[in-house]
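# Report on the structure
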Amino acid sequence: MSMHNNIILAIETSCDETSASIIEAKLKVKNEKLKILSNIVASQVKLHAKYGGVYPELASREHLVKILPVIELALKKAGKTLDEITHLAVTTGPGLIGSLLVGVETVKALAMAKGLPIIPINHLEGHIYTACIKQSSISKLRPPIIQLSNHPIIFPILSLIVSGGHTLLVKMMDHGKYQIIGETRDDAAGEAFDKVARLLELGYPGGPVIEKAAQKGRPSKFSFPVAMEKSQDLDFSFSGLKTAVLYEVKKLGKITPQTKYDLACAFQKAAVEHLIQKAVLAVQKYRPKTFILSGGVAANSCLRQELKEKIDFIAPPIPLCTDNAVGIGLAATHKLKKGAKNWYDIEADASQRLASD
Ligand code: KG4
Ligand code: ZN
């Protein structure tokens, strides 16, 4: 039986994490064997915390400082050299243009120097593919080798991607075949968490701090309306909820820490309920065989718990919900044959849509 051994170096720099991952893909005629050999993520969270959000110019400068050390470390942890790499994969969009360019231009330089093909990956497909990791590997992120799940990913797939920049429902009939069936009309879910956290002066990034604050909140103290509850369409909206929190804060005047926790709790409840209502509607309409929850907000345990009550789903291990190169490399394993391009055909695109191969 013929077997190709591919070693992919994947890079992700679309926002504020500089990440590199090495993935081994043994492709046989009928199946594939994938191993994540390393995953390095250099987070810029501390750098941006004082601004309460990502400061684009600082982000790209920091990527420039980190990109080569992160790649070197990923190779070292994987026990590989650059000469053993057979393919490069990189996020080409969507994202911050300055941040994307650092990853894309670095990969182009490597491709040119080493004569390697590049597989361009959309950031959102990276989020989806990160969910193909076995849950038992969550606690084993430190050892170099992460075994992948043999969990059969059965099509059609519906994926709810909830991140800081995006909120959308995607239908997949096959690998690389995407149809967007719903998306946010205004703010992204993670953006709403970040803005409400800033409003309540709880810190940054907003998702984890809101989640923690909400645990101390009293559920019946405040109640915010769930967006588009009566509508049957699959779009999302978070700006009304954010404004409702703002008005409540203004009305209250000075607020105690306990009131902040109560508000965080009510906000999270309404945000999660909105996501779940639309996910359920989509499942009823499209009847998928696999449901994937992904993106930074998929780390939210309230969302995971509530969704579990309604839909059988898979999601990435919590530490891999936020941006990382693992998903970029995993998405690339499905494009090894068709998707590889020459360096001069690769371009960063800040507003790249999720499109089919
Ligand atoms: O996917 P990601 O790393 O970046 C984008 O592609 O945007 O997502 C980051 C977003 C941030 O808005 C952050 O507040 C949110 O994910 N997030 C969470 C949680 N952890 C991260 N939101 C809710 N609950 C969490 N535990
Ligand atoms: Zn992301």
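Let us now look at the sheet that holds strand E7 (residues 157–162). Pairing in this open sheet of 4 strands is mixed, and the strands run E9-E8-E7-E10 from one edge to the other. Both outer strands of the open sheet, strand E9 (177–183) and strand E10 (290–294), are each paired with one neighbouring strand and no more. Strand-to-strand twist across the sheet, computed as the mean angle between neighbouring axes with direction ignored, equals 20°. Bridge count for strand E8 (residues 167–174) against E9 is 6 bridges, and the pairing is antiparallel.

Another aspect to go through is the confidence of the model for the chain. Taken as a whole, the chain shows an average pLDDT of 92; of its residues, 93% reach a score of 70 or greater. Low confidence marks residues 136–147, where pLDDT is under 50. Its contacts with residues over four positions away, or in another chain, come to 21 contacts.

This paragraph deals with the site of ligand 1. Residues in contact with ligand 1 amount to 18 residues; listed here are only the nearest, Gly164, Asp194, Gly207, Glu211 and Asp323. Within the backbone of Gly296, an N or O atom sits 3.1 Å from an oxygen atom of ligand 1. When the free accessible area of ligand 1 is taken as 560 Å², the share hidden by the protein chains comes to 90%. Elements represented by at least two residues in the shell around ligand 1 include exactly helix H4 (123–130), helix H5 (189–199) and helix H6 (206–215). Examining the composition of the shell around ligand 1, we find that 4 residues originate from one element, H6, more than from any other. When the residues that make up the shell around ligand 1 are grouped by side-chain class, the tally is 4 nonpolar, 11 polar and 3 charged.

What follows is about the environment of Glu125. Along the polypeptide, Glu125 turns up in helix H4. For Glu125, a relative accessible area of 4% translates into the label buried. Note: C-alpha distance between Glu125 and Ile292 (167 residues apart in sequence) is 11 Å. Apart from residues lying up to four places away in sequence, Glu125 is in contact with Tyr178, Ala331, Lys335 and Leu354.

So, how was this worked out
Residues numbered from 1 in each chain as written. Chains lettered and ligands numbered in written order. Predicted model: local features only at pLDDT ≥ 70, side-chain atom pairs only at ≥ 80, totals over all residues. Heavy atoms only, no water. Pairing = 2+ DSSP bridges. Helix = DSSP H or I, 4+ residues; strand = E, 2+ residues; numbered from the N terminus. Axes fitted to C-alpha atoms, helices over the stretch in contact; angles between N-to-C directions. pLDDT = per-residue confidence, 0-100. Contact = heavy atoms within 4.5 Å. Near = heavy atom within 4 Å. Polar contact = N/O pair within 3.5 Å; in protein donor to acceptor, adjacent residues only side chain to side chain. Areas by Shrake-Rupley, 256 points an atom, 1.4 Å probe, with all protein chains shown as cover. Nonpolar A, V, L, I, M, F, W, Y, C, P; charged D, E, K, R; others polar. Buried < 20%, exposed > 50% of the residue type's maximum accessible area, 1.4 Å probe, protein only.

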